[in-house]
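Structural description and commentary
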Amino acid sequence: MRITVRLAVAVALVLAASGAHAQFRSPQVAIVSSNLQAVFTSAGQTVNVTTDQRAAQSFQGINVGLPGSLTFAVRNVRGPQWGLAAYDFVATTPVLHELLPGGAPPGWYSLVTYRSGPERLIISLFDASSIIQGSTTYLGVDPLLQGFAVAADPAGTQYSDDSRNPGQQPRILLFRGTGPFAGDAWLCVELDGDQDFDDAVYRLEFFAPTSTRRDSWGRLKQLYR
């Protein structure tokens with residue numbers, strides 16, 4: 001598929017922002033308990049949850065090793081009852097676009113793809129055997145203007161943009177993957193107010209862009225088996 005001028009410019013902007021979006025949060029958010037650290041340790045990650053929080057609150061700011069990638073898988077690592085959504089980072093009243101449903105069986109994941117002509121977001125859900133279970137398309141979605149959110153009762157919706165949360169408090173922390181997950185991103189969510197940020201944990205597995213040809217769903221699925 002030929003990349004349009006708009007998409008090419010978007011990718012260039014992400015590449016140009018690689019230095020600006022690589023910083024750590026300052027100050028780092030205080031985390032209570034060792035539970036989140038244990039999640040990373042058990043996954044073989046050399047991540048220090050008290051010092052490695054990234055200053056990224058939107059898709060554009062993630063820049064995790066594969067800048068310009070517009071396809072990624074979403075896996076629910078902890079807290080499977082909660083789903084992950086994307087929203088327009090600059091909208092006054094943003095609409096949530098579900099990336100991965102809450103309550104999905106173990107091993108299920110979604111493949112998230114941004115396309116242009118027209119601009120759209122495609123969500124494909126797969127079971128643990130990488131068999132597709134359904135697909136949803138959202139039109140008019142700009143990949144550079146997307147944040148992440150978790151809707152949870154009774155906590156309400158928690159946003160990756162701190163300013164949208166009550167008291168402008170951080171509720172979603174982002175970490176870069178290491179070792180076997182280098183190039184990925186981890187989203188760690190605080191829902192019940194105890195500041196442990198382990199209530200829900202998602203891993204975003206990024207797929208590198210490959211020139212202008214279209215990759216088949218079969219080839220993409222093979223990457224995440």
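Everything below is about the structure shown above.
Residues numbered from 1 in each chain as written. Predicted model: local features only at pLDDT ≥ 70, side-chain atom pairs only at ≥ 80, totals over all residues. Heavy atoms only, no water.

Residues G117 and P118 are joined by a peptide bond in cis, for which omega reads 5°. Its place among the elements puts P118 in the loop between β4 (109-115) and β5 (120-126). Cis geometry marks the peptide bond from D153 to P154, where omega comes out at 0°. One can find P154 in the loop between β7 (146-152) and β8 (156-159). (Helix = DSSP H or I, 4+ residues; strand = E, 2+ residues; numbered from the N terminus.)

What follows concerns the pairing of strand β6 (residues 132-139). As paired strands, β5 and β6 are joined by seven bridges and run antiparallel to one another. Residue pairing across strands places S124 opposite S135, the latter belonging to β6. Between β5 and the antiparallel strand that follows it, β6, lie five residues; S130 among them carries a positive phi value of about 60°. (Pairing = 2+ DSSP bridges.)

Charged atoms that come close allow side chains of opposite charge to pair. Summed over all chains, the structure comprises six salt bridges. R75 is paired through a salt bridge with E205; the nearest N and O atoms lie 2.7 Å apart. On the criterion of sequence distance, the pair formed by R75 in strand β1 (residues 71-78) and E205 in strand β11 (residues 200-207) is long-range, its members being 130 residues apart. Taking relative accessible area as the criterion, R75 reaches 16% and is therefore assigned buried. Put simply, R203 and E205 hold a salt bridge, and the shortest N to O gap is 2.4 Å. We classify R203 as buried; its relative accessible area is 10%. Look at the salt bridges and you will find they share partners, linking R75, D184, R203 and E205 into a network. (Salt bridge = Lys/Arg side-chain N within 4 Å of Asp/Glu carboxyl O. Buried < 20%, exposed > 50% of the residue type's maximum accessible area, 1.4 Å probe, protein only.)

On to the sheet that holds strand β2 (residues 84-88), then. In space, the four strands of this open sheet follow the order β3-β2-β7-β8, with antiparallel pairing throughout. On the outer flanks of this sheet lie β3 (97-100) and β8, each paired with one strand and no other. Averaged over neighbouring strand pairs, the angle between their axes works out to 35° when direction is ignored. When β7 meets β8, the two strands line up antiparallel, connected through four bridges. Along β8, the bridge assignment pairs A151 with T157. (Axes fitted to C-alpha atoms, helices over the stretch in contact; angles between N-to-C directions.)

As a further point, take the environment of A30. Tracing the chain through its elements places A30 in the loop between α1 (5-16) and α2 (35-42). Note on A30: relative accessible area 57%, which makes it exposed.

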